[in-house]
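Chain by chain, the residues run as shown.
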Amino acid sequence: MAPSRSVSNLEADGRERSDFPIICESCLGDNPYVRMTRADFDKECYTCSRPFTVFRWKPGRDSRYKKTEICQTCSKLQNVCQVCVLDLRTGLPVQVRNTALGVNPNDAVLPKSDVNREYFAEEHDRRVRASGIIDPYEQEYGKSRTSDTILKLQRTTPYYQRNRAHVCSFYTRGQCTRGAECPYRHEMPITGELSNQNIKDRFHGVNDPVALKLLRKAGEMGSLKPPEDESIRTLYVGGVVDGRVSEQDLRDCFWVHGEIESIRVVGQRGCAFVTYVTREGAEKAAEELCNKLVVKGLRLKLAWGRPQAQRVQDEGASRQPDAAAAHCGWLPQVGVPQQDQSAVQQYYYMPPPPSQGGTTFYPSMDPQRMGALVGRT
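Note that the structure is predicted; figures quoted are calculated from it, not measured. (Residues numbered from 1 in each chain as written. Predicted model: local features only at pLDDT ≥ 70, side-chain atom pairs only at ≥ 80, totals over all residues. Heavy atoms only, no water.)

## What about the pattern of salt bridges?
Oppositely charged side chains may form a pair once their charged atoms are brought near each other. Operational definition: Salt bridge, as applied in this entry: a Lys or Arg side-chain nitrogen positioned within 4 Å of an Asp or Glu carboxyl oxygen. We call a residue buried when its accessible area falls under 20% of the maximum for its residue type, exposed when it is over 50%, and partly exposed in between, using a 1.4 Å probe and counting protein chains only. The secondary structure listing takes helices from DSSP runs of H or I that are at least 4 residues long and strands from runs of E that are at least 2 residues long, numbered from the N terminus.
Tallying each qualifying case throughout the model produces 11 salt bridges. For Arg 202, the salt bridge is made with Asp 208, and the minimal N-O distance between the two is 3.5 Å. The two residues Arg 202 and Asp 208 agree in class, both being buried. In this structure, Arg 279 and Glu 283 form a salt bridge, with 3.0 Å as the shortest nitrogen-oxygen distance. One end of the pair, Arg 279, and the other, Glu 283, are both in helix α11 (residues 279-289), four residues apart, so they sit about a helical turn from each other. Residue Arg 279 is classed as buried on the basis of its relative accessible area of 6%.

Quick look at the structure:
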């Protein structure tokens, strides 16, 4: 048990006081009317073992209650969220960020023992209060330092699935009797490497199973292989939705890799086509932007376009359906041979013969009139 301090300044007693937590958007939730409860010195920090102000809130209607797990001093040191202990800027584990930036976890300045961690945190707070400037550790991780691995793996949108309720332990044993009224999820728990996680390993960036999985995923992400057809100079951009990405936004991202011939945005299909003047410019853009193209917070998919001959053939096949189904109305059909023109005109201008049952059959009663493919008996 640590000896009690006899100090006159309550701000220097080694305890954290705060009015709002340092949390990411995913942990804050999508509920615009968040009500938080604050408890001063209600819990010890998982990393430095110092009492700190604990905040508790419910991110959404179907979410579980969340609360801060580490103090704000440790959060500023690693630039991580107080709840999920993930990087505030990229949403990645500390181990992934340090690996991408080339930071050796063995050279970390954070002490490991309880006494040294508490002393280090107190000295950090004292220096910040005395100088009034941002700590250099926060500057190191909070600035826009990046790498290819971070660009490939970082989150661009909040991940609210993280706030779901916990798995019902009674359901896993087949003993839950509350049914739909149960506030917990009726799913089987996840087993395997992701089932063994703890806050200390994630904070220090060692032996984090989530980080190891993301690093393997980054290693498996390949690059775009240029097609053998040298005439292809077009790149396909997918994920252009909601009208947020304009032609000028795409031009700002692609012009640095070569001279652009044209950019065509197809809003109905949610995609765009960027054509370069030279093949070298297209290959350079595909190499530099593969799995790293983010425009206005949207992660876009990049691929090579199809050859011109194949694209024209596919468009022609899609524009020439069955003649009986494509032609409707009183306009003459285009492309029908001369010998069949009279038959088509007679079919639409002259009433057909009466049906076998003796009922009068008018042209307006014909289901094929509007292009329906319904056979007549």
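## Comments concerning the pairing of strand β5 (residues 260-266)
Note the cut-off: Two strands form a pair only when DSSP identifies at least two bridges running between them.
The sheet contact formed by β5 and strand β6 (residues 271-276) spans six bridges and is antiparallel. Bridging from a neighbouring strand, Ile 263 pairs with Val 274 of β6. Hairpin connection between β5 and β6: a loop of four residues separates the two successive antiparallel strands, and Gly 270 in this loop has a positive phi of roughly 70°.

## Remarks on helix α10 (residues 247-254)
Definition in use: The reported arc concerns the directions from the helix axis to the C-beta atoms and nothing else. Any two residues whose heavy atoms approach within 4.5 Å are treated as being in contact.
Those residues of α10 that fall on the buried side of the exposure criterion are Asp 249, Leu 250 and Phe 254. Mapping the buried residues of α10 onto a view down its axis gives an arc of 120°, with all of them on the same face. Against β4 (234-238), β5, β6, α11, β7 (294-295) and β9 (301-304) lie the buried residues of α10.

## A short note on the packing of aromatic side chains
Just so we agree on the cut-off: Within 6.5 Å between ring centres, the rings of Phe, Tyr and Trp (the latter by its six-membered ring) count as paired, and their orientation is classed by plane angle as stacked under 30 degrees, edge-to-face over 60, tilted in between. Comment: the charge-over-ring label is applied if NZ (Lys) or CZ (Arg) is within 6 Å of the ring centre and within 35 degrees of the ring normal.
Applying the stated criterion across every chain yields a total of one aromatic pair. Cation over ring: Arg 56 sits above Tyr 65, and NZ or CZ is 4.2 Å from the ring centre. The cationic tip of Arg 155 hangs over the ring face of Tyr 159; the distance from NZ or CZ to the ring centre is 4.2 Å.

## Describing the sheet that holds strand β1 (residues 37-44)
Where strands meet in a sheet, backbone hydrogen bonds hold them as pairs that are either parallel or antiparallel. Across the sheet, three strands lie side by side as β1-β2-β3; this open sheet has antiparallel pairing. On the outer flanks of this sheet lie β1 and β3 (66-67), each paired with one strand and no other. As defined by bridge partners, strand β2 (residues 51-57) adjoins β3 across two bridges and the pair is classed as antiparallel. Bridging across to β3, Trp 57 finds its partner in Lys 66.

## Details of helix α9 (residues 209-220)
Stated formally: A helix is expected to span 1.5 Å for every residue after the first. Under this definition, polar contacts are N or O atom pairs within 3.5 Å; protein pairs additionally need one hydrogen-donor-capable and one acceptor-capable atom, and for neighbouring residues in sequence, both atoms have to be side-chain atoms.
Taking 1.5 Å as the rise per residue, α9 with 12 residues should run 16 Å; its terminal C-alpha atoms sit 17 Å apart, in good agreement. Three or more residues of α9 are buried, namely Pro 209, Ala 211, Leu 214 and Ala 218. Two or three places before Val 210, at the opening of α9, Asp 208 has a side-chain oxygen 3.3 Å from that residue's backbone nitrogen.

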